[in-house]
Amino acid sequence: MNAAVENDVKGEAEAFLIAEARLLDAGRFEEWLALFAEDGFYWVPAAPGQSDPLNHLSIFYEDKSVLGMRVRRLGHPRVYSAQPAPRTVHLVGNVTAARGGEPGIDCEVRSAVMVAEYRPGQAADRRLWAGQQTHKLRRTPEGWRIVLKRVDLVDCDAVHGILAVPI
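Residue numbers here run from 1 along each chain, matching the order of that chain's written sequence. This being a predicted model, a pLDDT of at least 70 is required before a residue's local features are given, and a value of 80 or more before pairs of side-chain atoms are given or counted; all residues contribute to the totals for chains, interfaces and linings. In computing side-chain properties, one takes all heavy atoms of the structure into account and sets aside hydrogens as well as water.

Trainee: Explain the pairing of strand β6 (residues 143-153) to me, please; I cannot follow it from the model alone.
Mentor: One face of the sheet, then the other: side chains in a regular strand alternate in exactly this way. Most of β6 sits inside the fold, with nine of its 11 residues counted as buried. Summarising the sheet, strand β1 (residues 36-45) and β6 pair through four bridges and their orientation is parallel. Paired with F36 across the two strands is I146, which belongs to β6. For two strands to count as paired, DSSP must find a minimum of two bridges between them. The way it works is that DSSP assigns letters per residue, a run of H or I at least four long becomes a helix, a run of E at least two long becomes a strand, and they are numbered from the N terminus. The pairing of strand β5 (residues 126-140) with β6 spans 10 bridges and is antiparallel. Looking at the pairing, R138 lines up with R145 of β6. Hairpin connection from β5 to β6: two residues lie between these consecutive antiparallel strands. Accessibility here uses a 1.4 Å probe with only protein chains present; expressed as a share of the type maximum, an area under 20% marks a residue as buried, one over 50% as exposed, and anything in between as partly exposed.

Trainee: Please explain the packing of aromatic side chains as it appears in this structure.
Mentor: Note on aromatic pairs: each is described by the distance of the centres and the angle between the planes. Two rings from Phe, Tyr or Trp (for Trp, the six-membered ring) form a pair when their centres sit within 6.5 Å of each other. Planes less than 30 degrees apart are called stacked, planes more than 60 degrees apart edge-to-face, and all others tilted. One pass over the full model with this rule turns up five aromatic pairs. The interplanar angle of 80° and the centroid separation of 5.0 Å between the aromatic rings of W32 and F36 together place this pair among those described as edge-to-face. For the ring pair F41 and Y61, a centre distance of 4.8 Å and an interplane angle of 15° mean the geometry is stacked. Taken as a pair, F41 in strand β1 and Y61 in strand β2 (residues 58-63) lie far apart in primary sequence, 20 residues in all.

Trainee: Hey, could you run me through the environment of V113 in this one?
Mentor: For V113, the location among the structural elements is in strand β4 (residues 107-118). What V113 contacts, discounting residues up to four positions off in sequence, is H90, L91, V92, W129, A130, G131, Q133 and V151. What makes two residues a contact is simply this: any of their non-hydrogen atoms within 4.5 Å.

Trainee: Please clarify how the pattern of salt bridges should be interpreted in this entry.
Mentor: Pairing between side chains becomes possible if they bear opposite charge and their charged atoms approach one another. Salt bridges are counted wherever a side-chain nitrogen of Lys or Arg sits within 4 Å of a carboxyl oxygen of Asp or Glu. For the structure shown, the criterion picks out 12 salt bridges. The salt bridge involving E14 is made with K10; its shortest N-O contact spans 3.5 Å. Placement of the pair is E14 and K10 together in helix α1 (residues 3-25), with a separation of four residues, close to one helical turn. Its relative accessible area of 28% is what places K10 among the partly exposed residues.

Trainee: Quick question: what am I supposed to make of the sheet that holds β5 here?
Mentor: Hydrogen bonding along the main chain pairs the strands of a sheet, whether they run parallel or antiparallel. An order of β2-β1-β6-β5-β4-β3 is seen for the six strands of this open sheet, with the pairing classed as mixed. Single-partner strands in this sheet number two, and they are β2 and β3 (87-99). Recorded for the sheet is a direction-independent mean angle of 20° between the axes of neighbouring strands. Pairing geometry for β1 and β2, over five bridges, is antiparallel. Looking at the pairing, F41 lines up with D63 of β2. Simply put, an axis is a line fit to the C-alpha atoms, just over the touching stretch for a helix, and the angle between two N-to-C directions goes from 0 to 180 degrees. Lying over the sheet, helix α3 (residues 64-74) contacts β1 and β2, oriented at roughly 105° with respect to β2.

Trainee: I keep staring at the nonpolar core and nothing clicks. Help me out?
Mentor: One broad trend across soluble globular proteins is that nonpolar side chains are buried collectively. We call a set of buried residues a nonpolar core when its members are Ala, Val, Leu, Ile, Met, Phe, Trp, Tyr or Cys and they connect through side-chain atoms within 4.5 Å of each other. Ranked by internal contacts, the top residues of the largest apolar core, which has 34 residues, are W32, Y42, C107, V109 and I167. If you list the elements that add at least two residues to this core, you get α1, α2 (29-34), β1, α3, β3, β4, β5 and β6. Ranked by the residues each element gives to this core, the list is headed by α1, at six residues. When neighbours within four sequence positions are excluded, V109 is seen to be in contact with A13, L17, V95, T96, A97, Q133, T134, H135 and L137.

In structure tokens:
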């Protein structure tokens, strides 16, 4: 594959990741959820190098229907775990992208991510997460859709408390 084609895929993928981060930071969780394919999963492993979400504990391993319940809960006025509403900033960098190498995956994107969260009035009002992300994407007529979003946190095996919003 020539470098121009790879650069086009990388540019598209990077723009997609930035748009996803902006939706999360703006609290537009319904729109974020719409970025997932119907068979999509969101996975945050609980151990370094974890290769299996089904036979090991994970911080999150949720399909689109469970993510939908999480998003609806986040929008409910009596969600005390998200009060006051957290403010976040996602920083995405070191993006690499390649054509997908498995059926149903058109692009695999790897990136570094840092998320700063501020929750006024909370005992630990500032938190920071950092890790590596892998997005497996499928191209649809509506644009890229997430088949898998995996976030490998640097401190995945630490105690995190309530993670009210997606990383």
